[in-house]
Amino acid sequence: MLKDMTESFKKAVEKDKSIILDNYALRDGIYIKLDAKKPVEQIDKDRYLIVDTKEELSPEKIELYNWFKEKDYCSQILNTNKAIDLPAKKILSSNYLSYFIQKDRLPRVGKNELPIEELKELTEKYYIRLENAENYFEELIPADIEFEVKKEEALEDFLQTYYYEEVTYIRDDERKQSIEICKNYMLNNIEEIIDIIKEIDEQYKIKGYIKIFFEEDIEKYRKEQKIYILPRIYNVKDYNVLLSNEILGLPICDMTTNNKKPYLLLKTMKCTVPYRDTTENVEATKNYYEWMINEIKEEKDVFKIGYDYEFSGGKTYIQEDPFYIVNMEMSKSTKKYEIVDFDNAPTLLSNINFKFENILRIKFYDKDKNLDKYEEDRIIDKLSGLQYLVSQYFFKGKMKGYFKSVEPDVENNKFTYPMKILFMESRDSFFDFFHKGIDTNIKKIIDEVTLRSIEEQIKSTVEGTRLLNIKRAYNLRLSLLKYFKIEGGEEMVSKLEDIIDGLKAKIDTKGMVYCDSDEEFYFMAGQLAYYLIYQSEASNKNFGMFEPFLLVKNSNQLKRRLEEVFETYSHKISIDNIKFKNTMAMVMGYETQTKITHEMKDFLIAGILSNNLLYEKKNGRED
């Protein structure tokens with residue numbers, strides 16, 4: 001997967017190497033520039049930079065920031081298991097021109113400070129290992145030829161054949177002298193450097209890392225980076241092989257395979273690891289991986305990158321093109337970003353034409369004009385816009401960003417346990433639709449999920465009769481059923497419209513009136529339930545006042561609930577209220593054996609949520 005995605009990145013880097021650093025950012029900490037020929041008193045405001053990623057960099061520090069940028073990039077360790085000072089893992093830089101340590105570990109400064117003598121000992125070992133960097137190239141020897149190469153002449157022949165340039169550089173006397181100079185400078189001045197850092201920290205409260213860099217040509221930093229990375233670019237040497245006179249191994253990026261985790265091996269195949277590659281390709285993949293991490297940090301939503309993205313600094317995804325879709329999250333154990341989900345979408349993710357209709361004819365109060373107005377229908381042309389509506393009205397805003405791994409917290413009267421179950425059962429199907437345009441699975445569940453969500457919200461999260469958002473949710477539900485052409489969706493909308501239009505005349509009639517269908521009965525029962533509950537004079541109307549009506553299983557239970565509520569609020573209803581008398585007579589006089597299952601519950605909920613036909617219109621809001 002990463003190999004496929006890396007190809008266009010490699011071609012782009014060949015043309016412009018600055019791509020790697022374009023979106024690279026320094027982490028929190030203090031960055032210090034040192035000249036090995038000058039005393040530590042050289043450290044002044046022009047030679048150090050404090051980075052706080054939550055604060056904007058001042059313009060006068062940009063030049064200094066850029067000086068540190070590539071040097072910092074060239075001095076990063078791949079991970080703490082690939083640190084130079086193993087097993088201590090305290091010095092976290094990768095070459096003799098730099099020296100990194102966490103602020104908390106610094107003597108006299110950090111909360112978990114090391115003893116100064118221990119730090120000096122670790123520092124000396126650090127430079128000795130860097131001087132003997134050649135030893136690490138033995139880690140690249142494939143296991144099947146290891147015994148032969150261990151012989152002295154054969155080992156030299158191996159190094160000269162495959163790593164001549166690197167070994168020659170490591171053995172160079174000038175490099176050895178430079179290492180000695182940097183080592184002596186740090187060991188002889190480390191206490192004074194710590195005192196200076198302590199003074200700066202007292203004034204500016206440094207976060208993160210202490211990073212020290214020696215002034216040197218950037219080419220030396222690049223060479224040091226190369227001799228650090230090459231012998232460590234593979235996961236473990238057990239999987240290195242010699243093929244067509246090239247060494248191939250298992251890349252380190254996003255893969256962990258060692259003796260402690262044997263379950264990650266491909267036990268059912270002759271090849272026990274996913275793939276092997278050359279050091280050149282693996283390094284390109286590593287660079288791409290780091291580029292992607294920095295790019296993803298800026299993304300507020302799911303990261304998409306076009307197949308033919310040219311790394312020009314523009315948007316990584318244009319809506320008309322096929323794309324890769326990636327999600328990376330920080331591992332709790334390693335504190336490193338890892339790919340947790342990947343897919344490629346070869347089909348175009350085009351605009352949609354979704355009509356969000358006001359099927360329930362919801363009104364809102366226009367303060368400026370002092371009258372009620374119908375909410376207007378809306379056209380949604382982007383999947384992201386539809387995702388926002390679904391998240392807002394069915395999942396209380398939880399379905400945003402990369403929500404495939406989200407497990408929402410249960411909050412009383414806001415996000416209930418049944419809503420959490422609904423969210424987790426449907427999240428993959430919603431994700432496939434919103435981010436890949438695949439509607440196969442969403443069509444199968446949209447009817448059930450939206451109805452259950454609305455029902456649960458009415459029962460558990462709505463205070464009193466304040467149903468406006470739930471009414472909008474119901475409109476969205478019906479609009480989704482029409483959009484996906486769900487069987488019965490269009491019919492449901494048509495029936496609702498016919499029922500509402502027909503009942504307006506019925507309930508004003510002075511003669512006898514009757515329900516003509518089960519659908520009309522359950523709709524009117526919902527209307528009656530809302531009207532009766534609305535009579536409550538309680539100043540603090542409780543959550544879930546409609547729950548008793550939604551828990552009943554058949555028409556007889558529903559009638560009993562309505563009678564009970566009527567007894568409570570009958571004193572509030574005039575005997576001359578024709579609309580109420582007709583509605584009550586229609587509901588109580590109708591007999592049906594149809595149980596309140598999915599379809600009939602739909603009409604009951606629609607009755608509760610629709611503009612109430614019994615309600616005497618007044619200026620102002622209805623609820």
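Refer to the structure printed above.
Conventions adopted
Residues numbered from 1 in each chain as written. Predicted model: local features only at pLDDT ≥ 70, side-chain atom pairs only at ≥ 80, totals over all residues. Heavy atoms only, no water. Phe/Tyr/Trp six-rings, centres within 6.5 Å; stacked < 30°, edge-to-face > 60°. Helix = DSSP H or I, 4+ residues; strand = E, 2+ residues; numbered from the N terminus. Buried < 20%, exposed > 50% of the residue type's maximum accessible area, 1.4 Å probe, protein only. Lys NZ or Arg CZ within 6 Å of the ring centre and 35° of its normal. Expected span 1.5 Å × (residues − 1). Polar contact = N/O pair within 3.5 Å; in protein donor to acceptor, adjacent residues only side chain to side chain. Core = buried A, V, L, I, M, F, W, Y, C linked by side-chain atoms within 4.5 Å. Contact = heavy atoms within 4.5 Å. Disulfide = S-S within 2.5 Å. 1 Å grid on protein atoms, 1.4 Å probe; cavity = no way out; pocket = protein on both sides within 12 Å on 5 of 7 lines; lining within 4 Å. Points joined across faces, edges and corners; volume = space filled by probe spheres on them. Nonpolar A, V, L, I, M, F, W, Y, C, P; charged D, E, K, R; others polar. Pairing = 2+ DSSP bridges. Axes fitted to C-alpha atoms, helices over the stretch in contact; angles between N-to-C directions. Parallel < 35°, antiparallel > 145°, perpendicular 65-115°, else oblique. Left-handed = near helix turned anticlockwise from the far one by under 90°. Salt bridge = Lys/Arg side-chain N within 4 Å of Asp/Glu carboxyl O.

Q: So what's going on with the packing of aromatic side chains? Which residues, and what values?
A: Taken as a whole and judged by the stated rule, the model has 39 aromatic pairs. Relative to Tyr162, the ring of Phe158 has its centre 5.2 Å away and its plane inclined at 50°; by these criteria the two rings are tilted. Of this pair, Phe158 and Tyr162 both sit in helix H6 (residues 152-162), four residues apart, roughly one helical turn. What makes Tyr162 partly exposed here is its relative accessible area of 23%. Site record: aromatic cluster; members linked through ring pairs are Phe354, Phe395, Tyr402, Phe403, Phe423, Phe430, Phe431, Phe433, Phe434, Tyr483 and Phe484. When the ring centre of Phe100 is taken as reference, the NZ or CZ atom of Lys211 above it lies at 4.5 Å. Directly above the aromatic system of Tyr136 lies the positively charged group of Arg232, at a separation of 4.2 Å from the ring centroid.

Q: Explain helix H9 (residues 218-229) to me, using residue names and the numbers behind them.
A: The end-to-end C-alpha distance of H9, which contains 12 residues, comes to 16 Å, matching closely the 16 Å that a straight helix rising 1.5 Å per residue would cover. Buried within H9 are the following residues: Ile218, Lys220, Tyr221, Glu224, Gln225, Ile227, Tyr228 and Ile229. Measuring from the backbone nitrogen of Glu219 back to the side-chain oxygen at the start of H9 gives 3.0 Å, which picks out Asp217 as the cap.

Q: So, the nonpolar core: which residues are in play, and what are the values?
A: Core analysis: the biggest nonpolar cluster contains 97 residues, and Tyr99, Tyr127, Tyr288, Trp291, Met292, Ile305 and Phe311 have the highest contact counts within it. Judged by nonpolar contacts, the second largest core, of 93 residues, contains Ile380, Tyr522, Ala525 and Ile533.

Q: How would you sum up the environment of Lys400? Please name residues and give values.
A: Mapping Lys400 onto the fold places it in the loop between helix H11 (383-394) and helix H12 (417-436). Sequence separation between Lys400 and Trp291 is 109 residues, and the spatial gap between their C-alpha atoms is 24 Å. When near neighbours in sequence (up to four residues on either side) are disregarded, Lys400 contacts Gln387 and Ser391.

Q: Before we move on, can you summarise the state of the cysteines with the specific residues and values?
A: Going through the model one piece at a time under the given rule, you end up with zero disulfides. With no disulfide of its own, Cys74 lies 15 Å from the sulfur of Cys182, the closest cysteine sulfur.

Q: So, the layout of surface pockets: which residues are in play, and what are the values?
A: Counted as a void, the second largest pocket has a volume near 1,200 Å³. Taken together, 33 residues form the lining of the second largest pocket, with Lys17, Lys226, Glu280, Glu283 and Asn287 sitting closest to its centre. At the level of elements, helix H1 (2-15), helix H2 (19-22), helix H3 (62-73), helix H7 (164-171), H9, strand S6 (246-249) and helix H10 (279-298) are the ones that each hand at least two residues to the lining of the second largest pocket. Top contributing element to the lining of the second largest pocket by residue count: H9, with seven residues. When its residues are assigned to classes, the lining of the second largest pocket shows 14 nonpolar, five polar and 14 charged.

Q: Which residues make up the side chain of Ser479, and what values do they have?
A: Relative to the assigned elements, Ser479 resides in helix H14 (residues 468-483). The class for Ser479 is buried, based on a relative accessible area of 2%. Only 3.0 Å separates the side chain of Ser479 from the backbone nitrogen of Glu357, close enough to count as a polar contact. In contact with Ser479, not counting residues within four places along its chain, are Phe354, Lys355, Phe356, Glu357 and Ile359.

Q: Got a sec to walk through the sheet that holds strand S8 (residues 303-306)? Specific residues and values, please.
A: With antiparallel pairing, three strands are arranged side by side in an open sheet as S8-S9-S10. Strands at the two margins of the open sheet, each flanked by one partner only, are S8 and strand S10 (337-345). Shown here is a sheet whose adjacent strand axes are inclined to one another by a mean of 25°, direction ignored. Packing against the sheet, H1 makes contact with S8, strand S9 (323-330) and S10, and its axis sits at approximately 110° to S9. Seen against the sheet, H12 touches S8, S9 and S10 and runs at an angle of roughly 125° to S9.

Q: Account for the packing of H11 against H14, naming residues and giving values.
A: One way to put it is that H11 packs onto H14 with a least axis distance of 9 Å and a crossing angle of 135°. When the axis of H11 is compared with that of H14, the two are oblique. The way H11 lies across H14 gives a crossing that is left-handed. Residues Leu386, Leu389, Val390, Tyr393 and Phe394 of H11 form the contact with H14, whose own contacting residues are Asn469, Arg472, Ala473, Leu476, Arg477 and Leu480. Residue composition of the contact of H11 with H14, by class: eight nonpolar, one polar and two charged.

Q: Tell me what's going on with the pattern of salt bridges, and back it up with residues and numbers.
A: Scanning all chains against the criterion turns up 38 salt bridges. Between Arg108 and Asp195 there is a salt bridge, with its nearest N and O atoms 2.9 Å apart. Here Arg108 is found in the loop between strand S3 (98-102) and helix H4 (116-131), whereas its partner Asp195 is found in helix H8 (residues 173-204), with 87 residues between them in sequence. Its relative accessible area of 33% is what places Arg108 among the partly exposed residues. Notably, a salt bridge pairs Glu491 with Lys495, separated by 3.3 Å at the nearest N-O pair. Linking Glu491 with Lys495, this pair stays in helix H15 (residues 489-506), spanning four residues, or about one helical turn. One salt-bridge network, in which partners are shared between bridges, spans Arg108, Lys120, Glu191 and Asp195.

Q: Let's hear about the environment of Thr316: which residues, and what values?
A: Within the fold, Thr316 resides in the loop between S8 and S9. Distance in space between the C-alpha atoms of Thr316 and Lys125 is 44 Å, their sequence separation being 191 residues. Dropping the residues within four chain positions of it, Thr316 is found in contact with Trp291, Glu295, Phe303, Lys304, Ile305, Gly306 and Tyr309. In terms of polar contacts, Thr316 uses its side chain to reach the backbone carbonyl oxygen of Lys304, at 2.6 Å.

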